Amino acid sequence: MRKIVLVVEDEFLIAIDLKLLLERRGWSVLGPATTVKEALGLLDDKLPAVAILDVSLKDGAVTSVAEALRARNVPFVVASAYSRPELIGGDILGGAPNVGKPTEERRLMIVLEQAVRS
């Protein structure tokens, strides 16, 4: 069974790159969602094994998406150039692994696998 990952990213090229990379590695991709509203709608339809979150989206910070994921016991990682994404997206992002932006493929895969096993 393929693992499902929710991708929340509002920069088109980065979102498509992540989607293609993850699919090549055997993941089923939910999204990419470009807004908080879209991400929350996707969560109502399907529960992912893990999520990758950009901190700042077109309609605001990703905070409510992170809260919804936590409420559903879904782990998430942050893909951000910010060294402290919790300053933008709130305390809920404080303990999440940050794979950086741009995201290095090997690190992303390791962090996702670790998040799913936790």
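Relevant structure appears above.
One structure accompanies this document, and this report is about it. Only a predicted model underlies this, so the values are computations on that prediction, with no experimental measurement involved. (Residues numbered from 1 in each chain as written. Predicted model: local features only at pLDDT ≥ 70, side-chain atom pairs only at ≥ 80, totals over all residues. Heavy atoms only, no water.)

With that out of the way, let us pick up the side chain of Thr 35. Mapping Thr 35 onto the fold places it in the loop between β2 (28-33) and α2 (36-45). Here the side chain of Thr 35 touches Glu 38 through a polar contact of 3.0 Å, landing on its backbone nitrogen. Among residues more than four places away in sequence, those in contact with Thr 35 are Leu 57, Lys 58 and Asp 59. (Helix = DSSP H or I, 4+ residues; strand = E, 2+ residues; numbered from the N terminus. Polar contact = N/O pair within 3.5 Å; in protein donor to acceptor, adjacent residues only side chain to side chain. Contact = heavy atoms within 4.5 Å.)

Counting residues in hydrophobic clusters, the biggest one holds 24 residues, and the most contacted among them are Leu 6, Val 8, Leu 53, Val 65, Leu 69, Phe 76 and Leu 93. Elements with a contribution of two residues or more to this core: β1 (4-8), β2, α2, β3 (50-53), α3 (63-71) and β6 (76-78). Once residues within four sequence positions are removed from consideration, Leu 53 is found in contact with Val 8, Val 62, Val 65, Ala 66, Leu 69, Phe 76, Val 77, Val 78 and Ala 79. Val 5, Trp 27, Val 50 and Val 77 belong to the second largest nonpolar core, which has 17 residues in total. (Core = buried A, V, L, I, M, F, W, Y, C linked by side-chain atoms within 4.5 Å. Buried < 20%, exposed > 50% of the residue type's maximum accessible area, 1.4 Å probe, protein only.)

Before going further, it helps to examine the packing of α2 against α3. It is at 9 Å that the axes of α2 and α3 come closest, and there the two elements cross at 15°. Considered as vectors, α2 and α3 are oriented roughly parallel to each other. The element α2 and its partner α3 pack so that their crossing is left-handed. Two secondary-structure elements touch here, α2 through Val 36, Ala 39, Leu 40 and Leu 43 and α3 through Ser 64, Val 65, Ala 68 and Leu 69. Per-class residue counts for the contact of α2 with α3 are 7 nonpolar, 1 polar and no charged. (Axes fitted to C-alpha atoms, helices over the stretch in contact; angles between N-to-C directions. Parallel < 35°, antiparallel > 145°, perpendicular 65-115°, else oblique. Left-handed = near helix turned anticlockwise from the far one by under 90°. Nonpolar A, V, L, I, M, F, W, Y, C, P; charged D, E, K, R; others polar.)

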